[in-house]
Amino acid sequence: MKIEKPAQAGTLESNDIYVQLLPAEGEGIEIRLKSVVIKQFGNQIRKVAAQTLSEMGVTECLCLLDDKGALDYTIAARVESAVKRSLC
Amino acid sequence: MLRRTSLFIPGNNPAMLLSANILGADSVIFDLEDAVALNQKDSARMLVKKAITTFDFSGIEVLVRINPVSSPFWKDDLREIIEAEPDGLVIPKATKEDVIAIEALIEELEEKYNVSKKVSFLLIAESAYGVEMIAETLGCSKRITGVLLGAEDLTADMEVVRRVDGEEIDYARKRVVMACKAFRVQAMDTPYTDVDNFDGLLADTEKAKALGYTAKAVINPRQIDYVHQVFAPTHDEIDYALAILQEKERAFTEGIGVFSYQGKMVDQPIILRAEKIVAMARKLGLIT
Amino acid sequence: MKNSLNREVPFNPYQGIRTLEPRTFEVTKNVISGNKYRESLAELIKELNIKDGDALSFHHHLRNGDYVLNMVMEEVAKLGVKNLKVIASSLFAIHKPLVELFESGIVTEVYAAYMTGPVAKAISEGQLKGMCMLHSHGYRATMIQTGEVTVDFAFIASPACSMSGNVSGSEGPSNCGVLGYAIADAQYAKKVIAVTDYIVEPKDVEIKAEWVDYVVKVDKIGDPKGIVSGTTQITRDPVGLKIAKMTLELMKGSGLLKDGFSFQTGAGGISLAVAKDVFEYCKKEQVKGSFASGGTTSYLVNMLEAGIFEFIYDVQCFELDAVASISRNKNHKKMSAAQYADIYNPDNIVNRLDFVILGATEMDTDFNVNVTTGTDGVIMGGSGGHSDTAAGAKMAIIVSKLVSSRISVLTDKVTTITTTGETVDALVTDRGIAIHPRHQALIDHLKATTKLPIVDIHDLYQMALKLTGIPERVEHEQRVVALSQYRDGTLLDCVYQIKPE
């Protein structure tokens with residue numbers, strides 16, 4: 001399913017991640033990541049975000065992430081929340 | 001499970017959720033109600049659910065304060081949280097009708113998710129109606145394990161000013177603890193909101209203990225040790241309890257039914273209390 | 001070549017803790033009194049005949065309020081010399097102008113015990129054409145005394161100085177308390193220039209006129225408000241406070257926290273919370289210690305004034321309260337870096353320490369500690385007194401949150417070794433306490449008599465990984481930009497140039 005309605009979730013506080021979902025600019029799922037731990041966990045953060053989007057059936061979106069050291073469960077929760085907000 | 005302190009943790013705050021299991025409280029209350037903005041209720045419940053299943057809470061009681069039945073959020077709170085199998089729910093502004101409604105939905109959800117244990121309820125008595133009707137409310141569900149007095153909302157509802165000496169909540173405190181004792185559930189005292197005043201915290205907790213409260217909610221981790229100090233049996237209490245139990249053993253072997261210690265008759269209630277004190281002292285590592 | 005910690009180093013590899021024969025050093029410098037006084041720094045610098053490759057030294061007692069290094073280097077840059085060595089005991093954000101001198105090749109080597117800010121970042125990025133030596137506070141004195149490093153010109157910011165060159169750190173508008181890191185420079189540099197803004201016959205002379213060649217007056221040598229730099233506040237984070245409480249319990253369990261004990265802490269938020277807990281414990285139990293040392297803060301001063309300690313031995317003031325205390329309290333004593341931590345001096349202060357409480361950016365399962373670089377490989381500090389105090393103290397305790405913003409303090413291999421696990425005794429985190437296996441008796445005792453969460457460091461590491469996930473290794477370039485040097489001059493590790501963003 002494509003993301004049509006923009007939505008956000010999370011905050012810029014430390015240990016959190018700010019997720020912005022927008023309609024795709026190209027094809028498929030595009031993730032743009034900014035993170036305070038990008039060198040150590042950049043790939044892992046993208047993986048968790050992509051996995052969560054896919055589990056929720058999202059096939060097309062632009063996902064902007066501004067991460068302040070969130071653990072995997074926080075990333076999943078915030079992405080899931082953004083998707084649900086976009087769909088309602 | 002021992003519950004002397006329950007620490008409120010704002011449900012939408014990952015930094016605080018991270019340290020929930022190491023701050024030393026006996027029980028943590030993940031708050032979906034007052035600590036979460038109206039437009040973040042949806043995010044918060046997802047975050048709390050995942051936090052419960054991510055961190056190791058062994059030895060700590062996990063509670064979730066859902067939104068009140070009068071709000072549009074409580075059903076979604078339950079639908080999200082029950083799957084994570086918290087130990088209990090904290091029900092704000094609890095009335096008999098609320099508890100019955102919540103229990104009905106929970107029964108459905110617990111079956112749906114095939115949970116391994118049933119959630120308990122900690123009710124908050126924080127309105128004049130809630131306090132006045134407490135006995136009726138306690139009778140309506142077997143899941144209730146305790147009542148937390150919520151003085152801030154209560155005094156707002158009563159339209160009186162909250163005072164340092166607690167005079168305005170004196171009746172409410174006594175009524176709630178009496179109802180709890182009657183129904184054999186725990187009475188938990190209201191949080192002490194002056195977080196930098198530890199002398200005041202100690203005095204307030206001692207007062208609650210004297211009335212029969214066995215726990216106090218805390219809103220700042222620095223309050224935890226002080227509250228534990230008050231609810232721990234003192235050395236004198238422990239020594240006395242050990243002596244009573246020793247005398248009981250001696251009386252038993254000698255075939256004596258009722259005995260006295262230090263000039264006072266020792267009957268069953270005193271023995272039971274001594275056993276509780278010794279059990280708690282053991283649990284706290286005060287005796288081996 | 002590999003050293004005994006299995007790190008690649010270019011020469012002089014670290015071979016483990018060695019006991020060195022004590023050495024005393026004789027100061028032979030004796031400047032004949034003459035016309036030392038100059039009114040113009042610019043003119044003096046022309047007069048000095050500084051040549052290519054010379055070594056210029058500075059102390060950092062004015063910390064981030066120091067003006068002298070920048071003032072001197074600005075004039076030196078005009079001379080047309082190059083390939084200079086800057087031997088600064090520490091470098092702060094205020095020393096940013098040095099970066100331009102790296103770029104132009106005027107300064108090609110740097111020696112420091114601690115650095116932060118644009119200079120540290122520039123060196124990490126490879127802008128210094130030569131090598132940067134990162135050593136301990138103690139080794140700075142040692143290397144100057146032994147002659148391993150020769151200082152051609154020592155520029156000594158002097159809060160109070162007489163026309164003849166008697167210098168004190170504890171008087172004047174730029175009062176910085178003590179000049180501990182300048183003493184060796186003054187005694188052994190070929191030429192010593194006292195740069196002052198306050199001509200007076202000082203009461204408490206730290207640097208004698210017979211070591212000083214020139215005295216030059218400038219408007220201001222620095223801003224004392226800049227002394228308070230970095231964290232010198234007790235943490236308010238409940239997790240940090242909990243770590244401090246656990247540390248106190250560990251100290252009590254060690255049996256060393258009794259009358260006559262000695263103590264030093266770093267200036268981090270958790271370390272200071274430990275100091276406060278120790279203070280309260282000693283007050284309550286009426287324990288009277290012998291001395292506290294440092295790096296001094298108002299917390300130590302409070303403890304001295306409350307009678308918890310008899311003396312403070314002070315090599316550097318981190319705060320203005322400490323500066324004020326030195327002047328008014330005869331039990332608050334100044335010491336030089338050599339007296340503090342010279343490895344050839346068996347009676348140095350660090351060897352007399354019972355406890356030192358330190359921080360870490362990283363630690364590995366061998367108890368090696370990194371305070372030189374962050375987990376991203378960028379230089380953000382340096383040993384300072386870390387490796388000195390860890391080596392000397394009976395109990396060196398590292399305090400840190402286990403995980404902070406997804407970064408674990410425990411790692412399999414620290415990015416840079418600053419202090420070796422052979423000198424570290426315990427790590428206290430919010431999720432567990434790891435004690436070095438050499439202390440098995442202490443571990444057994446604490447497990448039997450306390451409720452402290454004593455765990456194996458490998459288990460603690462796994463706990464961290466479970467929370468954060470396994471981090472990817474941060475890549476770096478091949479070029480070595482700095483060397484982490486131990487108190488005996490051997491090399492512990494290399495610092496590599498970081499990859500661009």
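Counting restarts for each chain, with residues numbered from 1 along the sequence as it is written. Each chain gets a letter, beginning with A, and each ligand a number, beginning with 1, in the order they are written. Per-residue local features of the predicted model are confined to residues with pLDDT of at least 70, and side-chain atom pairs are confined, for both listing and counting, to 80 or more; whole-chain, interface and lining totals are unaffected and use all residues.

Asks: What's the story with the overall build of chain C in this structure? I'm lost.
Replies: Secondary structure is summarised from DSSP: a helix means a run of H or I of at least four residues, a strand means a run of E of at least two, and numbering begins at the N terminus for each. If you tally the helices and strands in chain C, you get 14 helices and 25 strands. The principal-axis extent of the C-alpha atoms belonging to chain C is close to 70 × 55 × 45 Å. Taken across its 501 residues, chain C has 56% of its residues classed as buried. A residue pair is marked as a contact if its C-beta atoms, positioned from the backbone, fall within 7 Å. In chain C, 73% of the contacts between residues at least 6 apart in sequence involve partners at least 24 apart. Here a residue counts as buried when 20 or more other C-beta atoms sit within 10 Å of its C-beta, as exposed when there are 12 or fewer, and as partly exposed otherwise, the C-beta atoms being derived from the backbone.

Asks: What is the right way to look at the overall build of chain A in this model?
Replies: A count of helical and extended segments in chain A gives two helices and four strands. Taking 2.2 N^0.38 as the reference for a compact globule, 88 residues should give roughly 12 Å; the C-alpha atoms of chain A span a radius of gyration of 12 Å, in line with that estimate. If you line up chain A on its principal axes, its C-alpha atoms span 30 × 20 × 20 Å. Sequence separation of at least 24 residues holds for 73% of the intrachain contacts in chain A that already meet a minimum separation of 6. Only C-alpha atoms enter the radius of gyration, while the globule expectation follows 2.2 Å times N to the 0.38, with N the number of residues.

Asks: What is the right way to read the interface of chain B and chain A from this model?
Replies: In this assembly, 10 residues from chain B lie in contact with 15 residues from chain A. Listed by contribution, the elements that provide at least two residues to the side of chain B that touches chain A are helix 1 (14-18) and helix 2 (41-54) of chain B. In terms of residue count, helix 2 of chain B provides more of the side of chain B that touches chain A than any other element does, seven residues in total. Residues were grouped as follows: Ala, Val, Leu, Ile, Met, Phe, Trp, Tyr, Cys and Pro as nonpolar; Asp, Glu, Lys and Arg as charged; and all remaining residues, including Gly, as polar. A per-class count over the side of chain B that touches chain A returns six nonpolar, two polar and two charged.

Asks: Help me out: how do you make sense of the pairing of strand 3 (residues 29-35) of chain A in this one?
Replies: Side-chain direction in a regular strand flips from residue to residue, so the side chains alternate between the two faces of the sheet. Residue and element names in this part refer to chain A. Each pair of strands is called paired provided DSSP finds at least two bridges between the two strands. Of the pairings in the sheet, the one linking strand 3 to strand 4 (residues 61-67) comprises seven bridges and is parallel in character. Residue pairing in the sheet places Ile31 in a bridge with Cys63 of strand 4. Think of it like this: strands point away, you trace from the first strand over the helix to the second, and a clockwise trace means the crossover is right-handed. Read from strand 3 through helix 1 (residues 38-55) to strand 4, the crossover connection turns out left-handed.

Asks: Help me understand the sheet that holds strand 13 (residues 311-317) of chain C, please; the structure alone is not making it clear to me.
Replies: Neighbouring strands of a sheet are bound in pairs by backbone hydrogen bonds; such pairs are parallel or else antiparallel. Residues and elements named next belong to chain C. Here we have eight strands laid out as an open sheet, ordered 14-13-12-11-15-18-22-23, and mixed in their pairing. A single partner strand is all that each edge strand has here, and the edge strands are strand 14 (332-334) and strand 23 (432-435). The average undirected angle you get between the axes of adjacent strands in this sheet is 20°. In this sheet, strand 18 (residues 395-399) lies alongside strand 15 (residues 355-358) in parallel orientation, the contact comprising four bridges. Its bridge partner lying in strand 18, Phe355 is registered against Met395. Packing against the sheet, helix 14 (residues 457-468) makes contact with strand 22 (426-429) and strand 23, and its axis sits at approximately 145° to strand 23. Axes, fitted as lines to C-alpha atoms, cover a helix only where it is in contact. Angles between the N-to-C directions of the axes lie from 0 to 180 degrees.

Asks: Sorry if this is basic, but what is going on with the sheet that holds strand 3 of chain A here?
Replies: All names here are of chain A. The strand order 1-2-4-3 describes an open sheet built from four strands, whose pairing is mixed. The two strands at the open ends of the sheet, each matched to only one other strand, are strand 1 (7-9) and strand 3. Between one strand and the next, the sheet's axes are offset by a mean angle of 15°, whatever the strand orientation. Note: strand 1 against strand 2 (residues 17-22), three bridges, orientation antiparallel. Across the sheet, Ala9 pairs through a bridge with Val19, a residue of strand 2. Relative to the sheet, helix 1 contacts strand 3 and strand 4, its axis offset from that of strand 3 by approximately 145°.

Asks: Quick question: what am I supposed to make of the interface of chain A and chain C here?
Replies: Accessible area lost on assembly of the parts is the figure often given for the size of an interface. Counting residues at the interface gives 14 residues for chain A, matched by 11 residues for chain C. Each residue belonging to the side of chain A that touches chain C can be placed in one class, and the counts come to five nonpolar, six polar and three charged.

Asks: Sorry if this is basic, but what is going on with the confidence of the model for chain C here?
Replies: The quantity called pLDDT is the predictor's confidence in a given residue, expressed from 0 to 100. With 99% of its residues at a pLDDT of 70 or more, chain C shows a mean pLDDT of 95. Confidence metrics for the complex model read pTM 0.92 and ipTM 0.95.

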